[in-house]
Amino acid sequence: MVGQWLLGLLAGARREQNFFYQLLAILTRPFTRLTRLISPRVVLDRHIPLATFLLLLSLWLVVTITKISLCLQIGVAQCQ
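Throughout, residues of each chain are indexed from 1 in the direction in which the sequence is written. Confidence filtering applies because this is a predicted model: local features only for residues at pLDDT of at least 70, side-chain atom pairs given and counted only at 80 or more, and all residues used for totals across whole chains, interfaces and linings. Remark: hydrogens and water are excluded; side-chain values derive from all non-hydrogen atoms of the structure.

Caption draft 1: Spatial organisation of the packing of aromatic side chains. Pairing of aromatic rings covers Phe, Tyr and Trp, the last counted by its six-membered ring, and requires centre-to-centre distances within 6.5 Å; plane angles under 30 degrees mean stacked, over 60 mean edge-to-face, and any other angle means tilted. The final tally for this structure, using the stated rule, is 1 aromatic pair. Ring geometry for Phe19 against Phe20: centres 5.3 Å apart, planes inclined by 75°, an arrangement best described as edge-to-face. Residue Phe19 shares its accessibility class with Phe20, and that shared class is exposed. Each residue's exposure class comes from its accessible area (1.4 Å probe, protein chains only) as a fraction of the maximum for that residue type: buried when under 20%, exposed when over 50%, partly exposed otherwise.

Caption draft 2: Examining a nonpolar patch on the surface more closely. Together, Val2, Trp5, Leu6, Leu9, Leu50, Phe53, Leu54, Leu57, Trp60, Leu61 and Ile65 line one region of the surface with nonpolar side chains, adding up to about 1100 Å² of accessible area. Strands here are runs of E lasting at least two residues and helices are runs of H or I lasting at least four, both read from the DSSP assignment and numbered beginning at the N terminus. Looking at the nonpolar patch, the elements that each hand over two or more residues are helix H1 (2–11) and helix H3 (48–74). By residue number, the principal contributor to the nonpolar patch is H3, which donates 7 residues. Patches were defined on residues exceeding 30% relative accessible area and lacking a salt bridge, with like-charge contacts within 9 Å and nonpolar side-chain contacts (Val, Leu, Ile, Met, Phe, Trp, Tyr) within 5 Å. All accessible-area figures derive from a Shrake-Rupley calculation using a 1.4 Å probe, and residue coverage is judged against the displayed protein chains alone. The working definition used for a salt bridge is a side-chain nitrogen of Lys or Arg within 4 Å of a carboxyl oxygen of Asp or Glu.

Caption draft 3: Fine view of helix H2 (residues 19–38). Helix length check: H2, at 20 residues, gives a terminal C-alpha distance of 29 Å against a target of 28 Å (1.5 Å per residue), a fit within 8%. Take the seven residues that end at a residue and the seven that start at it, fit an axis to each, and the angle between those axes is the bend at that residue. Approximately 45° is the largest bend angle found in H2, and it occurs at Thr28, with the proline Pro30 only one to four residues beyond. By the burial criterion, the buried members of H2 are Tyr21, Thr28, Thr32, Thr35 and Arg36. Capping of H2 at its N-terminal end is provided by Asn18; its side-chain oxygen lies 2.9 Å from the backbone amide nitrogen of Phe20. Here the expected length of a helix is defined as 1.5 Å per residue gap, with one fewer gap than residues. Here a polar contact means two N or O atoms within 3.5 Å. Within protein one must be a hydrogen donor candidate and the other an acceptor candidate, and residues neighboring in sequence count only if both atoms are side-chain atoms.

Caption draft 4: View of H3. With 27 residues, H3 should cover 39 Å at 1.5 Å per step; its first-to-last C-alpha distance of 39 Å lies within 8% of that length. Looking at the buried side of H3, the elements it contacts are H2 and helix H4 (76–79). Taken from the residues just after H3, Gly75 is the one with a positive phi, measuring 105°. The criterion used for residue contact is that any of the two residues' heavy atoms lie within 4.5 Å.

Take a look at the structure:
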């Protein structure tokens, strides 16, 4: 999602014709649709990509913290 955002900044108004921007949009579409599905209708459509990014970032942080906690419980040597 960050790559798509950066490419959108670089491509400007012609980002919709950019092949790589379209490819990244296809790859992130399931996540943005899920975010739109679970978010209230008060959230504007233009804010859904940011909400999707924050949702995925939060999920990544929770999984990482859980993995670290499990590795500390069973021993770092067994986590490798």
